[in-house]
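Report on the structure
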Amino acid sequence: MEWLKGVVKATKLYWGLALLFAVGVLSSPVSSKGHNIFLSFGNLSDVFRQISVTGITAVGMTLVILIAGIDLSVGSVLALGSVVCAMLLTNEGWSSAYLLGVPAVFLLAFFVVLGTMSFALRVQRRAVHAEAAPGMSKVALVVALVAALLIALRVASNSGSKAGVLLVLLVVPAVGLMLGAINGVVIVGGRLQPFIVTLAMMVAGLGVARLTAGQNTAVWPVYTGSNATEDFEALRSLIFGIIPVPGVIFAGIIVLFWIILKFTKFGRYIYAIGGNEEAARLAGVPVWRVKITVYAISGYLAALAGILYVAQYRQGKPDAGMGLELDAIAAVVIGGTSLMGGRGSMIGTLVGVLIFGFLSNILQLNNIDSNTQLVLKGIIIIVAVLLQERRSSGWMFFLSQLKVRNAPDRSVTSQQTETHRHGE
């Protein structure tokens, strides 16, 4: 029986998802032809399309929470990304979107080229068992600067026409990466709490999104084939008429970061920092570089989710990501990632996102009003966290303390009995 308990313990998260799926099947209304609406390809496709925005953001949030951090700015970064994306798609000429995007692309290109060259040099040195040449690092730095400058100038030269999907996929995530890197630098350099720094970025990001969109612009509409290029429609299309492209992108990102956490040195560094930062530092882990990189990745993915938001809702909004950070954190925690850091997985995050997506879909299919949906989601978050953190011992202690308080004091009772005997 011990092996059965081990199997149940290892798969309890999946049982929760399976139970919720069964509830969806049994409670689903039927169509006029008698088909189960919940199980229809159209409904399941909509679920995967809708969870992609929260899911991609939750991937970055998982990395942040694994290092015992938090990122409250992802909603504002997504909103800013949606505004920049919509402006690039619909505007001709230099705009505030390019004012943000060109420096962000320069920074992204610089670090990508520099990192690639540094990695190639290390591999070459190990292959020939040679020491590092003193001037090679300076050469790599110069090459990275020149390459980044050329790429940034190429992006700026496209400002005379409306951007296509490839340019948007380059510029918008770069803006998110820049904001995420700022979070990481301030947290590490200023030795400040991530909660405070990302809260400040959340507020500042909302202001930047509104300034970028314009004081009197609440929405930037995007209509492919009309005010935007037709190729952007690819990001909201269905593969084989069934699988939504945003869902495929989300699945690809989950697989990529699962591999990174499972098989790379960077993934081991993340778990080490979350488990014990001081011990990781003493063991030679580059803590500050890993932290900055993690926050930069979180910002990058949030802005990428902003592009999918524009593709799905055909608009960019300065307040598009309001409350998204809470949904992302809830999905990560439901998936079993500890808020204390050092424990969790991408598969758990995927399950948490699916649980949230199916729950919302079930409630909508059964015409449950939005306020009740929020209450039920809150209850499910608490229950899921209690199960994941295995706090049953805490409840037993709480109940035992209640019993002790309600029980009569034995010492007082014995003293009264003794006094009564002497009196007799």
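Here, every reference points to the structure presented above.
As a starting point, this report considers the structure included with it. Please read these numbers as outputs of a predicted model, since none were measured by experiment.

1. Focus: the overall build of the protein
Scanning the protein for helices and strands turns up 17 helices and four strands. The proportion of buried residues among the 424 residues of the protein is 42%. For the protein, long-range pairs separated by at least 24 residues make up 78% of all intrachain contacts whose partners lie at least 6 apart in sequence. Entry remark: accessible area of the protein is about 22,500 Å², with carbon and sulfur atoms responsible for 67%.

2. Topic: the layout of surface pockets
There is about 1,600 Å³ of room inside the largest pocket. Looking at the largest pocket, it is lined by 34 residues, and the ones nearest its centre are Phe111, Gly115, Phe266, Arg289 and Thr293. Contributions of two or more residues to the lining of the largest pocket are made by α5 (96-128), α7 (165-190), α9 (245-263), α10 (265-275) and α12 (287-313). The biggest single contributor to the lining of the largest pocket is α5, with 12 residues. Split by residue class, the lining of the largest pocket holds 25 nonpolar, five polar and four charged. In this model, the second largest pocket occupies a volume close to 760 Å³. Gln50, Thr54, Asp327, Ser360 and Lys377 are, among the 27 residues lining the second largest pocket, the residues nearest its centre. Those elements that provide at least two residues to the lining of the second largest pocket are α3 (41-66), α12, α13 (324-334), α14 (346-365) and α15 (370-388). Residue classes in the lining of the second largest pocket are distributed as 16 nonpolar, nine polar and two charged.

3. Describing the pattern of salt bridges
Between side chains of opposite charge, pairing is possible as soon as their charged atoms come close. Per the counting criterion, the structure on display carries six salt bridges. Across the pair Arg236 and Glu233 runs a salt bridge whose closest N-O atoms are separated by 3.2 Å. Look at Glu233 and you get partly exposed, because its relative accessible area is 22%. In this structure, Glu277 engages Lys291 in a salt bridge whose closest nitrogen and oxygen atoms are separated by 3.0 Å. Here the residue Glu277 occupies a position in helix α11 (residues 277-282), and Lys291 occupies one in helix α12, the gap between them amounting to 14 residues. Lys291 sits in the buried class, given a relative accessible area of 14%. Taken together, the salt bridges that share partners define one network made up of Glu277, Glu278, Arg281 and Lys291.

4. With respect to the packing of α9 against α12
One way to put it is that α9 packs onto α12 with a least axis distance of 11 Å and a crossing angle of 165 degrees. Here α12 runs roughly antiparallel to α9, going by the angle between their axes. Relative to α12, the crossing made by α9 is right-handed. Contact residues: Pro246, Ile249, Ile253 and Phe257 in α9; Ile297, Leu301, Leu304 and Leu308 in α12. When grouped by side-chain class, the residues that make up the contact of α9 with α12 number eight nonpolar, no polar and no charged.

5. Examining unusual backbone geometry
Of note, the phi angle at Arg191 is positive, near 50 degrees, even though the residue is not glycine. In this structure, Arg191 sits in the loop between α7 and α8 (194-213). You will see that Arg314, though not glycine, has its phi angle at about 60 degrees, which is positive. Structurally, Arg314 is set in the loop between α12 and β4 (315-316). For Arg314, a relative accessible area of 27% translates into the label partly exposed.

6. Thoughts on the packing of helix α4 (residues 74-90) against α7
α7 packs onto α4 with a crossing angle of 150 degrees between their chain directions and a minimal axis gap of 10 Å. Here α4 lies roughly antiparallel to α7, going by the angle between them. Where α4 crosses over α7, the handedness of that crossing is right-handed. On α7, the residues touching Val77, Leu80, Gly81, Val84, Cys85, Leu88 and Leu89 of α4 are Val168, Val171, Val172, Val175, Gly176 and Leu179.

7. Some remarks on the environment of Thr116
Relative to the helices and strands, Thr116 is located in helix α5. We classify Thr116 as partly exposed; its relative accessible area is 49%. C-alpha of Thr116 to C-alpha of Ala140: the two residues are 24 residues apart in sequence and 9.5 Å apart in space.

8. Re the packing of aromatic side chains
Aromatic rings considered in pairs are described by the distance between their centres and by the relative angle of their planes. In this structure the tally under the stated criterion is seven aromatic pairs. The interplanar angle of 65 degrees and the centroid separation of 5.2 Å between the aromatic rings of Phe21 and Phe38 together place this pair among those described as edge-to-face. Placement of the pair is Phe21 in helix α2 (residues 12-27) and Phe38 in the loop between α2 and α3, with a sequence separation of 17 residues. A centroid spacing of 5.8 Å and a plane angle of 55 degrees characterise the contact between Phe38 and Phe358, whose relative ring orientation is tilted. One end of the pair, Phe38, is in the loop between α2 and α3; the other, Phe358, is in helix α14, with 320 residues separating them in the sequence. Across the pair, exposure class does not vary: Phe38 and Phe358 are buried alike. Three or more aromatic residues link up through ring pairs in this structure, and these residues are Phe21, Phe38 and Phe358.

9. Quick word on a nonpolar patch on the surface
Taken together, the side chains of Phe41, Ile239, Phe240, Ile242, Ile243 and Val248 define a hydrophobic patch exposed on the protein surface, amounting to about 620 Å² of accessible area. Among the secondary structure elements, Ile242 is positioned in the loop between β2 (238-239) and β3 (243-244).

So, how was this worked out
- Starting from 1, residues in each chain are numbered consecutively following that chain's sequence as written.
- For this predicted model, a pLDDT threshold of at least 70 governs which residues receive local features, and a threshold of 80 or more governs which side-chain atom pairs are given and counted, while totals over whole chains, interfaces and linings are taken from all residues.
- Derived side-chain values reflect all non-hydrogen atoms in the structure, with water molecules and hydrogen atoms excluded from consideration.
- Only runs of H or I of at least four residues qualify as helices and only runs of E of at least two qualify as strands under DSSP, and these elements are numbered from the N terminus.
- Per-residue accessibility, obtained with a 1.4 Å probe over protein chains only, is compared with the maximum for each type, and a residue is labelled buried under 20%, exposed over 50%, and partly exposed between these values.
- Should any heavy atoms of two residues lie within 4.5 Å, those residues are considered in contact.
- Working definition of accessibility: Shrake-Rupley area with a 1.4 Å probe, residue cover restricted to the visible protein chains.
- Residues are said to line a cavity or pocket when one of their atoms sits within 4 Å of a point; the points come from a 1 Å grid over protein atoms alone, cavities being sets where a 1.4 Å probe fits but cannot get out and pockets being open sets with protein on both sides within 12 Å along at least five of seven lines.
- Grid points are joined across faces, edges and corners, and a volume is the space filled by probe spheres set on the points.
- Residue type decides the class: Asp, Glu, Lys and Arg count as charged, Ala, Val, Leu, Ile, Met, Phe, Trp, Tyr, Cys and Pro as nonpolar, and the leftover types, Gly among them, as polar.
- Salt bridges are defined as contacts in which a side-chain nitrogen from Lys or Arg sits within 4 Å of a carboxyl oxygen from Asp or Glu.
- All axes are obtained by fitting lines to C-alpha atoms, using only the stretch in contact for helices, and the reported angles, taken between N-to-C directions, cover 0 to 180 degrees.
- By definition in this entry, angles of less than 35 degrees are roughly parallel, angles greater than 145 are roughly antiparallel, angles of 65 to 115 are roughly perpendicular, and the rest are oblique.
- Helix crossings fall into two classes, left-handed where the near helix is turned counterclockwise from the far one by less than a right angle and right-handed where it is turned clockwise.
- In this scheme Phe, Tyr and Trp rings, the latter by its six-membered ring, pair at centre separations within 6.5 Å, and the angle between planes marks the pair as stacked below 30 degrees, edge-to-face above 60, and tilted otherwise.
- Residues with no salt bridge and a relative accessible area higher than 30% make up the patches, which join like charges within 9 Å and nonpolar side chains (Val, Leu, Ile, Met, Phe, Trp, Tyr) within 5 Å.

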